Every structure is written in structure tokens, then in C-alpha cells.
Amino acid sequence: MSKKLNGTVIVTYRCNARCNMCNRYKAPSDPKDEITIETIKKLPEMYFTNITGGEPFIREDIKDIVRELRKKSDRIVISTNGFFTDKIIDLCKEFPDIGIRISIEGLEQTNNEIRGLPDGFNKGYTTLKKLREMGMKDVGFGMTVQDRNAPDLCELYKLSDELGMEFATASLHNSFYFVEAKNIIKDRPMVAENFENLVNMLLKSNSPKKWFRAYFNHGLINYIYGQKRLLPCDMSFDTFFIDPYGDVMPCNGTKDKEVMGNLNTQSWDELWNSEQAERVRKVVRHCDRDCWMIGSVSPAMHKYIWVPLWWVIRHKFKALFMKKPYSMYELKVVRDYRDGKVTKEELDRCSTCDMCAVANDGLKK
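Bear in mind the structure is a predicted one, so any value in this text is a computation, not a measurement. (Residues numbered from 1 in each chain as written. Predicted model: local features only at pLDDT ≥ 70, side-chain atom pairs only at ≥ 80, totals over all residues. Heavy atoms only, no water.)

Peer 1: I would appreciate a short explanation of the environment of Asn222 in the present structure.
Peer 2: Assignment of secondary structure puts Asn222 in helix 8 (residues 208–224). In this structure, the C-alpha to C-alpha distance between Asn222 and Pro44, residues 178 residues apart in sequence, is 34 Å. Sequence-distant contacts of Asn222, that is, excluding residues within four places in its chain, are made with Gln227, Lys228, Arg229, Leu230 and Leu331. (Helix = DSSP H or I, 4+ residues; strand = E, 2+ residues; numbered from the N terminus. Contact = heavy atoms within 4.5 Å.)

Peer 1: Just checking my understanding: could you explain the layout of surface pockets for this structure?
Peer 2: Of the volumes computed, that of the second largest pocket is approximately 260 Å³. Lining the second largest pocket are 18 residues, and of these Tyr223, Gly226, Cys350, Ser351 and Thr352 lie nearest its centre. Classifying every residue of the lining of the second largest pocket by side-chain character gives six nonpolar, seven polar and five charged. (1 Å grid on protein atoms, 1.4 Å probe; cavity = no way out; pocket = protein on both sides within 12 Å on 5 of 7 lines; lining within 4 Å. Points joined across faces, edges and corners; volume = space filled by probe spheres on them. Nonpolar A, V, L, I, M, F, W, Y, C, P; charged D, E, K, R; others polar.)

Peer 1: Looking at this structure, how should I read helix 8?
Peer 2: Given 3.6 residues to a turn, an α-helix orients residues that are three or four positions apart in the same direction. Compared with an ideal rise of 1.5 Å per residue, which puts 17 residues at 24 Å, helix 8 spans 25 Å between its outermost C-alpha atoms and is within 8% of the ideal. Of all 17 residues in helix 8, 12 are buried, a share of seventy percent or more. Taken as a whole, helix 8 has its buried residues at Lys210, Ala214, Tyr215, Phe216, Asn217, His218, Gly219, Leu220, Ile221, Asn222, Tyr223 and Ile224. One or two residues past the end of helix 8 sits Gly226, with phi positive at roughly 75 degrees. (Expected span 1.5 Å × (residues − 1). Buried < 20%, exposed > 50% of the residue type's maximum accessible area, 1.4 Å probe, protein only.)

Peer 1: How should I be thinking about the packing of aromatic side chains in this particular structure?
Peer 2: Ring pairs (aromatic) are described by centroid distance and by the angle formed between their planes. Taken as a whole and assessed by the stated rule, the structure comprises 17 aromatic pairs. Taking the centre distance of 6.3 Å and the plane angle of 65 degrees together, the rings of Tyr13 and Tyr245 count as edge-to-face. Placement of the pair is Tyr13 in the loop between strand 1 (5–10) and helix 1 (37–40) and Tyr245 in the loop between strand 7 (239–242) and strand 8 (247–249), with a sequence separation of 232 residues. For the pair Tyr177 and Phe178, a centre-to-centre distance of 4.9 Å together with 80 degrees between the ring planes defines the contact as edge-to-face. Residue Phe178 is classed as buried on the basis of its relative accessible area of 17%. Linked through ring pairs, Tyr215, Phe216, Trp292, Trp311 and Tyr326 together constitute an aromatic cluster. (Phe/Tyr/Trp six-rings, centres within 6.5 Å; stacked < 30°, edge-to-face > 60°.)

Peer 1: Got a minute to help me understand the environment of Tyr47 in this structure?
Peer 2: If you trace the backbone, Tyr47 turns up in strand 2 (residues 46–52). Put simply, Tyr47 and Gly7 are 40 residues apart on the chain and 8.3 Å apart in space, counted from C-alpha to C-alpha. Beyond its immediate chain neighbours, meaning those up to four positions away, Tyr47 contacts Lys4, Leu5, Asn6, Ser73, Asp74, Arg75 and Pro299.

Peer 1: Any chance you could explain the packing of helix 2 (residues 62–70) against helix 3 (residues 85–94) here in plain terms?
Peer 2: When two helices pack together, their arrangement is captured by the angle between the axes and the distance separating the axes. Viewed as axis vectors pointing N to C, helix 2 and helix 3 meet at an angle of 30 degrees, and their least axial separation amounts to 11 Å. Taken together, the axis directions place helix 2 and helix 3 in an arrangement best described as roughly parallel. Note that helix 2 runs across helix 3; the crossing there is right-handed. Across from Ile62, Lys63, Val66 and Arg67 in helix 2, the residues of helix 3 making contact are Asp90, Leu91 and Glu94. (Axes fitted to C-alpha atoms, helices over the stretch in contact; angles between N-to-C directions. Parallel < 35°, antiparallel > 145°, perpendicular 65-115°, else oblique. Left-handed = near helix turned anticlockwise from the far one by under 90°.)

Peer 1: Is there a simple way to explain empty space enclosed by the protein in this structure?
Peer 2: The rolling of a water-molecule-sized probe over the atoms marks out the regions of remaining empty space. Counted by the stated rule, this structure contains one cavity of 30 Å³ or more. There is about 40 Å³ of room inside the largest cavity. Around the largest cavity sit Pro232, Asp234, Met235, Asp238, Thr239, Ser296, Pro299, Ala300 and Lys303, which together line it. Sort the elements by how many residues they give to the lining of the largest cavity and helix 11 (residues 294–303) lands first, with four residues. Here the lining of the largest cavity is built from residues that sort into four nonpolar, two polar and three charged.

The structure is reproduced here in C-alpha cells:
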């Protein structure tokens, strides 16, 4: 029996939000081209599936999609902006065992400015509270940290902790998926300091899951300073993305869309074992983008568990004696920037930001 994979299903590129770090709404998919139930039936067995977009609840057949994926996957989490409260609640009544992650980019004013959704914070927050009242266990926030919202990071974490909810983080990335090439952190020390505070809060908790989340956020500091990934990237080997057109890709972090095959016209085994898939895997092996997104890092943390485990053990030991067991200055590049050994311009060149680039939108031509 072949091993189960980690999969992400991008069900649409349509989106009702107008986020300042993502231009996907400017390049939506055509509903008539979007992935069908028949294609979803051809997906392999998965131990985890993320359903995302665009905004997945724009799909009128989202229930049918979830119903089919539950036959394929041990666990499903849907990423959403939480705006369509009634549709989300209705779906979760039928499937109370799925997970919901609502993107909230800070406290009310900050969130609404970043996401461009009128009353977006209250909509998302109300949806989360209603899900909790229903008895849903696997619900939480997702926050993409940038200069504008970094000061809200720990306050939002405290809010999620008070509500007993999950709290997922990310930082700015550039790729065809976001239809963006110009995202960049401008004030790295300020953003890193807020991540540092979050890491210490997570380490001080009584939750082993949060201790490992602390390691992930340590990796985000490393990422925003333009450094090599702390763990290898195995995307396209045990993890995949499939877009609204049935194109199977290694991930959503590449500059241009890398296609392993198309599930509309191929069987899964034919696609996964094809020469084209092998060519993409070679591209992944030589990728220099050093992304640090949960879709690629979570599988790597499980696969190379001894690396984050040793980090957690060391920092939990420090937590017995120190108020702040973690410091961002553990990273050499952070010390070098503080000491003037590396400049902001040099770090900018290490990022994926390209002010002259025209972003590939990954749309069907």
C-alpha cells in the first residue's frame, strides 16, 4: 500500500477579500473551469487535507467537495476569511469533525484595513464564536504577519488563547499563488521582536503543541531575515497542491507555476509517477526560495522531528530558570544586523521580493 500524502486542494481562485499582500482577487478563476467532484474523486489517500482558495466558501458545492474529501482524508481543515458565516455554520453542522481556520490579520481596525472587507473582523470573530458555541473543537485564527499588523500579534494570540482556539501564523511570501512579487518586511527587528515575544509566550504554555509552534515561529524570524530554511523542503515527494484547473503542483510558493500533471486528464498514479513530475521534483530539490509556510514546514517537522524536538527540549529547560527562554539573537544573522555586519539592502536581496517583476498569475490560458 502506498503511503498517505499531505494535500492542499485550491477549489477556487475567486475571492471576496482585497488583501494588501495578495492580488489573487484580481486574477480569479472562471467558475466553469474549476475543479469538479469527478476530479476530486481521483485524488489519492491523504492523512491531511487543506481546502483553500481564493475563498472556498464561494463555491456553491463546497459541501459536496468536503463530503468527497472525507472519504479520502483522515483530517480536513478549511482556510477561510470567515465572511460567509451562515454557509460555514451550515457546513459544520453536517461535518463537525473538520477544522476551520479563519484569517484574521490583527485587531479590528488593522484587520479591516489589511483585508479590505467591511466589518471583516467582526464577521470572522462572530463565525469563530458561533463555531465554538456549536461544540466545534478544531477552530482557530490564521494571521499573516507584516509590518502593519506585527504589533497586534501577541494580543491576537492572547485572544485566541482565552477562547481556547488554535493560532496559526505566517509571514509575507511572493509567488504566482498570491499574484505578488513585491511583498517584503521593511522593519525586520520590529517584526522579529513581536515574533520573539510570541515564541516566549508559547514556550511558557503547558501545551506541547504550542512548544512546537514556537519552533515554527522561530523559523519565521529566520525566514524574514532571508536565511536558508531550518528544515529540508520535501514538497512534491510526500506533499502536493492541486489548483482549480486540476493542475497538480509541488506547492504554492514557487515564482512561476510548476505543474507535475493534470488530474482532469490523467489518473493519479500516471501523474505522480510521470517524467514531468520527476522534472518538477528536480526543480524543488534546487529551489532557493527558502519559504517557511506551514504547508511545507509541518510535514518537514514530522519527518525530521529530532530537529524541532531538540530545540524544544533546550528552550523548555531554559524556561525553568528564565523569564524569556528564547531570544531572536540566537540567530547569527539577527546579531549581525544589530552589529552592523550586514545591511538592510543585503537582506532585501536575500528575500523573494522583486520590484521589477511581473507576477505570474497561474491562470488557465
